[in-house]
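Architecture and fold: a report
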Amino acid sequence: MSLRIARGTFNPEKGRFHFYVAFKPTLDPTAEQRGVEASFPIDVAVSVTETGELADLAFALPKLCSTNKDSLMFLQRTDSASVIEERVFVTVPGLNGDSVFEASASLELDGAGRIIGVEIN
């Protein structure tokens, strides 16, 4: 299954873009309502290209998600995502990052407790 990414407009006050990375195949990353039942604050390391496209990201899973194998269902089906112990590594095929940043994000879960996406602020 392929990765779906939406990039918002540039926020000059914060000096960054807003990204949404969708792991659930039927999820529209640009939709206002995504069926989120729970979310967890996380820190992510993101790598972006010189044009501001997201090239890869990495984050640690919250304890609740790392102990529940069902929560990883969509991640495990994503071709460019890897889960190693309690860390998630996601690469965007064909892109190479020029700069690495740390950012705050929300890990979003659906009603069944499956990770459906990450909203990077």
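Cut-off values and rules
Residues numbered from 1 in each chain as written. Predicted model: local features only at pLDDT ≥ 70, side-chain atom pairs only at ≥ 80, totals over all residues. Heavy atoms only, no water. Helix = DSSP H or I, 4+ residues; strand = E, 2+ residues; numbered from the N terminus. Polar contact = N/O pair within 3.5 Å; in protein donor to acceptor, adjacent residues only side chain to side chain. Pairing = 2+ DSSP bridges. Phe/Tyr/Trp six-rings, centres within 6.5 Å; stacked < 30°, edge-to-face > 60°. Lys NZ or Arg CZ within 6 Å of the ring centre and 35° of its normal.

Topic: the environment of R7
Within the secondary structure, R7 is located in strand β1 (residues 4–7). A distance of 3.1 Å separates the side chain of R7 from the backbone oxygen of T51, its partner in a polar contact. Here G52 takes part through its backbone oxygen, which lies 3.1 Å from a polar atom of the side chain of R7.

Re the pairing of strand β5 (residues 81–84)
By the bridge criterion, 4 bridges tie β5 to strand β6 (residues 87–91) in an arrangement that is antiparallel. For A81, the partnering residue across the bridge sits in β6 and is V90. The loop that links β5 with its antiparallel partner β6 comprises 2 residues; one of these, E85, has a positive phi angle of about 55°.

Points about the packing of aromatic side chains
The final tally for this structure, using the stated rule, is 0 aromatic pairs. The positively charged end of R34 is found above the aromatic ring belonging to Y20, 3.8 Å away from the centroid.

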